[in-house]
Amino acid sequence: MRLKTYTATAPRIYGAPKAHKDGLPLRPVVACMTSPTYELSKYVGAILQSSIKSKYNVLDSFSFSEYINNVQLPPDYVLVSLDVVSLFTCIPRELVMQNVISRWDEIKENTNINLDLFLEMTEFCINCSYFQFKGQSYQQVFGTAMGNPLSPIIADLVMETLLDSVTKTIKFPIPVIKKYVDDLMLAIPKDEIETVKNTFNQYHQKIQFTVEVEKDGKLPYLDLLLVRKPDQTIKTEWYAKPIASGRFLNYLSAHSMMLKINVAKNLIKRVTTFSTNVDEATAKKIIHTQLRQNDYPKPLINRLINRRRENPPAAAPPTEDENTKTFRSIVNIGSLTHKIQRTLRSDYPEVVTCPQQRKTVRSIIPGVKDKLEENQRSNVIYKIPCDVIYKIPCADCGSSYVGMTSCRLKDRVSGHRSTINKLTELREAGKDETDQEIMRLREKTALLDHCITNNHQFLLDRVEVLDSSHKKQNLAILESCHILNTQHTVNKRTGTDNLSGTYAGVLHTVKTIQHTTHRRTVE
């Protein structure tokens, strides 16, 4: 059932700027969460992901730092990084199918689906890469879309096979070869750089690599600066790209203090862990410079540094099963949120809360995605006005119907239109309110009940979206709130009986603000 969808819409494409590249090119991203194949792609991807047992992958910067600081290169070896040019959009589909077939012995251990069906599912998910932009539909004829949940997994699968194949053709040993998505880091003889690049580029004409060679014994990789010492050992430093603004969560912002402290502690952890090539004083200066740019007070910085020095991180204790915990977000309202969290921790230890800031950059800056038409939206609360009496278009009712739908608004309105047309047919056939068919229609929705009782009609072409939520379980509460705060609704008040009295004060305040704003607008 999880693989089925009834609210799918065509994915939209948008561009994410590559700030570190000359000319500020855009990275095309397709928001596939609304795609009909989204859940199927996640399902296929999960099977493939559990089947990849990589000896090349880097988990994170900490594990890589621990590994590389214990490496000593052979004489005349240097560090290089290889980067694939637009990997996702250059993955040959036939190469993916070949990889699935060649690795089927490992894949079949994680599924009871046979090879033919699994290949068909994988090919279907890849071939269904399409999107809309400004009302026009497009299909991606090569590669996979960035934004498709299957893309990073099949990219990892292809890169695994590529590395296995290429390393077998290279005639000299490669003591270090690591991969993070499409970024490779290798240690090779300094006179074989061009040979290695050509060997990688010959694997497939669509998968081409650029190479970056260490400069003065230094090479950036992830957020580390790898430093090759004269004795061929590798040391590391914390690294930020030249385009980095140095901005973190500002200390003077309205976020919770716990979040600010965790940001500072995380920076201190990264700098102190990665700085094996600098002394303690230099690392401390880096921390102070970064945090002071974000208005963190010096005493707090020193206290956090000293706390980490006095209490170095130990092995993580066994964690409780997360399945026994309930995680919820809570709106950040200064010290009030902290008091509520403290009360919840003592009364409900199985509930974990996290402060959430509602005023974000995303809420201020307009969205860059191609806007979805109102009638294509799902999981919305909507309002339909009733301002015409049946066959008397000059009259004004002033009432409205508030409803909710987890399906597309277009489909829900179509359902309303179908039942209203049925009612019209019955009326024109001479049926009255005592007719059994009309009585059954009355029981369907408050909208139809109003139409039958008052002989009114609703303007289905003037539907207004009042609210929305990505979580379906929130819709019932949102609908009740809007019913209570909307004047002259035809909804039955029994639909709001289950709403907690906690909402009463907030709803009254919102209603007062709305009424005052409307009155000022009219005046």
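Residues numbered from 1 in each chain as written. Predicted model: local features only at pLDDT ≥ 70, side-chain atom pairs only at ≥ 80, totals over all residues. Heavy atoms only, no water.

1. Description of the confidence of the model for the protein chain
Moving on, step 1. Looking at the protein chain as a whole, its pLDDT mean stands at 86, while 92% of the residues score no less than 70.
Moving on, step 2. This stretch, residues 390–394, has a pLDDT under 50; its non-local contacts, to residues over four places away or in other chains, come to eight contacts. (pLDDT = per-residue confidence, 0-100. Contact = heavy atoms within 4.5 Å.)

2. Digging into the environment of Lys 206
Moving on, step 1. With respect to the helices, strands and loops of the structure, Lys 206 is situated in the loop between helix H7 (193–201) and strand E8 (209–213).
Moving on, step 2. What makes Lys 206 partly exposed here is its relative accessible area of 38%.
Moving on, step 3. In this structure, the C-alpha to C-alpha distance between Lys 206 and Val 271, residues 65 residues apart in sequence, is 38 Å.
Moving on, step 4. Filtering out sequence-adjacent residues up to four positions away, Lys 206 remains in contact with Cys 90, Pro 92 and Phe 142. (Helix = DSSP H or I, 4+ residues; strand = E, 2+ residues; numbered from the N terminus. Buried < 20%, exposed > 50% of the residue type's maximum accessible area, 1.4 Å probe, protein only.)

3. Observations concerning helix H1 (residues 38–51)
One turn of the α-helix equals 3.6 residues, which is why residues spaced by three or four share an orientation.
Moving on, step 1. When the terminal C-alpha atoms of H1 are compared, their 20 Å separation across 14 residues agrees well with the 20 Å that a helix rising 1.5 Å per residue should span.
Moving on, step 2. Listed in full, the buried residues belonging to H1 are Tyr 38, Leu 40, Ser 41, Val 44, Gly 45, Ile 47, Leu 48 and Ser 51. (Expected span 1.5 Å × (residues − 1).)

4. A closer look at the sheet that holds strand E7 (residues 183–189)
Moving on, step 1. Judged by pairing direction, the sheet is antiparallel, and its four strands sit side by side in the order E6-E7-E3-E8 without closing on themselves. Looking at the sheet topology across the chains shown, the edges are occupied by strand E6 (176–180) and E8. Going across the sheet, the axis of each strand differs from the next one's by a mean of 25°, ignoring polarity.
Moving on, step 2. The sheet contact formed by strand E3 (residues 77–84) and E7 spans seven bridges and is antiparallel. (Pairing = 2+ DSSP bridges. Axes fitted to C-alpha atoms, helices over the stretch in contact; angles between N-to-C directions.)

5. Side note on the packing of helix H9 (residues 280–292) against helix H10 (residues 298–310)
Moving on, step 1. Between H9 and H10, whose axes approach to 10 Å, the crossing angle comes to 140°. As the angle between them shows, H9 and H10 are arranged oblique. In the crossing of H9 with H10, the sense of the turn from one axis to the other is right-handed. Every residue of H10 that contacts H9 at Glu 280, Lys 284, Ile 287, His 288, Leu 291 and Arg 292 is listed here: Lys 298, Ile 301, Asn 302, Ile 305 and Arg 309.
Moving on, step 2. Looking at the contact of H9 with H10 residue by residue, the class counts come to four nonpolar, two polar and five charged. (Parallel < 35°, antiparallel > 145°, perpendicular 65-115°, else oblique. Left-handed = near helix turned anticlockwise from the far one by under 90°. Nonpolar A, V, L, I, M, F, W, Y, C, P; charged D, E, K, R; others polar.)

6. Section: the nonpolar core
Moving on, step 1. Of all hydrophobic cores here, the largest spans 78 residues; its most connected members are Leu 48, Phe 118, Met 185, Leu 186, Phe 200, Phe 209 and Leu 226.
Moving on, step 2. The element that contributes the greatest number of residues to this core is helix H6 (residues 151–169), accounting for nine residues.
Moving on, step 3. With near-sequence residues (within four places) excluded, Met 185 lies in contact with Phe 64, Ile 68, Leu 79, Val 80, Ser 81, Val 176, Ile 177, Lys 178, Leu 219, Tyr 221 and Leu 226.
Moving on, step 4. Within the second largest apolar cluster, 21 residues are counted, among which are Ile 384, Leu 448, Cys 451 and Leu 460. (Core = buried A, V, L, I, M, F, W, Y, C linked by side-chain atoms within 4.5 Å.)

7. Topic: the sheet that holds strand E9 (residues 218–221)
Moving on, step 1. Reading across the sheet, the three strands line up as E9-E10-E11 and stay open at both edges, with antiparallel pairing between neighbours. Because the sheet does not close on itself, it has two edges, and the strands there are E9 and strand E11 (234–238). Ignoring strand direction, the axes of neighbouring strands in this sheet form an average angle of 30°.
Moving on, step 2. Examined bridge by bridge, E9 and strand E10 (residues 224–228) share four bridges and lie antiparallel to one another. From the neighbouring strand, Leu 219 faces E10, where its bridge partner is Leu 226.

8. Focus on the packing of aromatic side chains
Moving on, step 1. By the definition in use, this model includes eight aromatic pairs.
Moving on, step 2. On the basis of an interplanar angle of 40° and a centroid distance of 6.3 Å, the ring pair of Phe 64 and Tyr 67 is categorised as tilted. With Phe 64 and Tyr 67 both in helix H2 (residues 61–68), this residue pair falls three residues apart, about one helical turn.
Moving on, step 3. By relative accessible area, Tyr 67 is classed as partly exposed at 29%.
Moving on, step 4. Judged by centre distance (5.2 Å) and plane angle (70°), the rings of Phe 200 and Phe 209 are edge-to-face.
Moving on, step 5. On the accessibility criterion, Phe 200 (0% relative accessible area) is buried.
Moving on, step 6. When the ring centre of Tyr 67 is taken as origin, the NZ or CZ atom of Lys 178, which lies over that ring, is 4.7 Å away.
Moving on, step 7. Across from the ring centre of Phe 62, 4.7 Å away, lies the NZ or CZ of Lys 269, which sits over that ring. (Phe/Tyr/Trp six-rings, centres within 6.5 Å; stacked < 30°, edge-to-face > 60°. Lys NZ or Arg CZ within 6 Å of the ring centre and 35° of its normal.)

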